[in-house]
Structure formats: structure tokens, C-alpha cells
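# Architecture at a glance
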Amino acid sequence: MVKCSRESDNPTKFCKTRDSDFRVHFKNTRETTHATSRLLLTMAREYLEDAPVHEQAMPFTRFCRGVGRTAQAKNRHSNGQGCSSVKSVKYILVLLKHTESNADLKGLDVNSPYLSHIQVTQA
């Protein structure tokens with residue numbers, strides 16, 4: 001069983017995905033997951049697929065020292081600081097794909113899953 005920081009009240013309508021030993025920067029991945037939390041899975045995937053081609057920038061809210069300003073990040077957060085962290089986006093897309101397959105395996109509706117909790121821990 002996967003140990004997660006948050007457990008669901010109704011485990012029949014809940015799926016988990018976990019992975020470890022990603023070779024990515026913690027701060028970039030934290031800001032990427034913070035930008036996609038509380039979105040539908042399809043909307044989060046579309047948002048993340050636009051980042052590597054520099055159509056969307058991930059807004060940096062906490063770890064924003066030394067990050068440049070972009071107009072794309074200004075659409076999502078007021079400070080306007082952000083970047084397209086391609087490596088973190090790639091790994092988060094892999095996790096979203098695993099989440100979708102876990103939901104399909106459990107028999108949940110794959111078209112409307114909701115990302116309620118995403119956690120990134122520093123090594």
C-alpha cells in the first residue's frame with residue numbers, strides 16, 4: 001500500500017500515484033505542482049503540455065528569487081514571475097498518466113478526475 005500524506009474519506013472514489021527519485025529541482029517541481037493542483041486532470045494535462053513549447057509559463061509564488069518576469073505568468077499570478085521548467089513538467093505529465101491509468105483500473109470515471117492533493121518533498 002502506498003503511504004501518502006492525505007487519506008480520503010471515501011476510498012472507492014479516490015486513486016493515488018506515487019513515484020520517487022526524480023532527478024529534477026525541488027523548487028521548480030513544487031511551483032509546477034502548485035500551478036496544477038485543484039484542476040481537472042484533462043485541464044492540468046493541457047496546461048502542462050503547453051509549457052515545453054513556451055506557450056504557458058509556470059508562475060512562481062514561493063521560490064521566486066532570481067526568476068524572471070513573463071507576461072504568460074502574469075495571467076496566472078499577480079507578481080508576473082515564472083518560467084517553463086521543461087524537465088519538471090515532463091515528470092509531472094508522467095505522474096498524471098499513471099493517475100489516469102490507476103483511475104481506469106479502479107473503475108472510476110476517467111473523463112472527470114480532480115487533482116485534490118499534490119505533494120512534493122525535498123530530498
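The coordinates are above.
Report on the accompanying structure. Note that the structure is predicted; figures quoted are calculated from it, not measured. (Residues numbered from 1 in each chain as written. Predicted model: local features only at pLDDT ≥ 70, side-chain atom pairs only at ≥ 80, totals over all residues. Heavy atoms only, no water.)

### Here's the deal with the environment of tyrosine 114
Here tyrosine 114 shows up in the segment after α4 (86–106). Distance from tyrosine 114 to leucine 41, taken between C-alpha atoms, is 5.8 Å for residues 73 residues apart in sequence. (Helix = DSSP H or I, 4+ residues; strand = E, 2+ residues; numbered from the N terminus.)

### Examining α4
Under the 1.5 Å per step criterion, the end-to-end length of α4 is 30 Å for 21 residues, consistent within 8% with the ideal 30 Å. Taken together, the buried positions of α4 are Ser88, Val89, Ile92, Leu95, Leu96, Thr99 and Ala103. Down the axis of α4, the smallest arc covering the buried residues is 120°, so these residues share one side. Seen from the open side of α4, the exposed residues pointing more than 90 degrees away from its buried face are Lys90, Lys97, Asp104 and Leu105. The secondary structure elements touched by the buried residues of α4 are α1 (26–36), α2 (41–50) and β1 (58–59). Positive phi shows up at glycine 107, right after α4, with a value of about 90°. (Expected span 1.5 Å × (residues − 1). Buried < 20%, exposed > 50% of the residue type's maximum accessible area, 1.4 Å probe, protein only. Arc of directions from axis to C-beta. Contact = heavy atoms within 4.5 Å.)

### With respect to α1
Of all 11 residues that make up α1, eight are buried, and the element is covered over most of its length. Those residues of α1 that sit buried are Phe26, Thr29, Arg30, Glu31, Thr32, Thr33, Ala35 and Thr36. Turning to α1, the residues buried within the fold contact α2, β1 and α4. Immediately beyond the C-terminal end of α1, within one or two residues, lies arginine 38, with a positive phi of roughly 65°.

### Here we look at the pattern of salt bridges
In the structure shown here, the tally under the stated rule is two salt bridges. With a closest N to O distance of 3.2 Å, glutamate 31 and arginine 30 form a salt bridge. Like arginine 30, glutamate 31 is buried. The partner of glutamate 100 in a salt bridge is arginine 45, with the nearest N and O atoms 2.5 Å apart. Placement of glutamate 100 in helix α4 and of arginine 45 in helix α2 is noted, with a sequence separation of 55 residues between them. (Salt bridge = Lys/Arg side-chain N within 4 Å of Asp/Glu carboxyl O.)

### Considering a nonpolar patch on the surface
Where nonpolar side chains cluster on the molecular surface, the patch consists of Leu40, Met43 and Tyr114 and spans about 290 Å² of accessible area. By secondary structure assignment, the location of leucine 40 is in the loop between α1 and α2. Look at leucine 40 and you get partly exposed, because its relative accessible area is 33%. (Patch = residues over 30% accessible without salt bridge, like charges linked within 9 Å, V, L, I, M, F, W, Y side chains within 5 Å. Areas by Shrake-Rupley, 256 points an atom, 1.4 Å probe, with all protein chains shown as cover.)

By themselves, these figures tell us nothing about what the structure is for.
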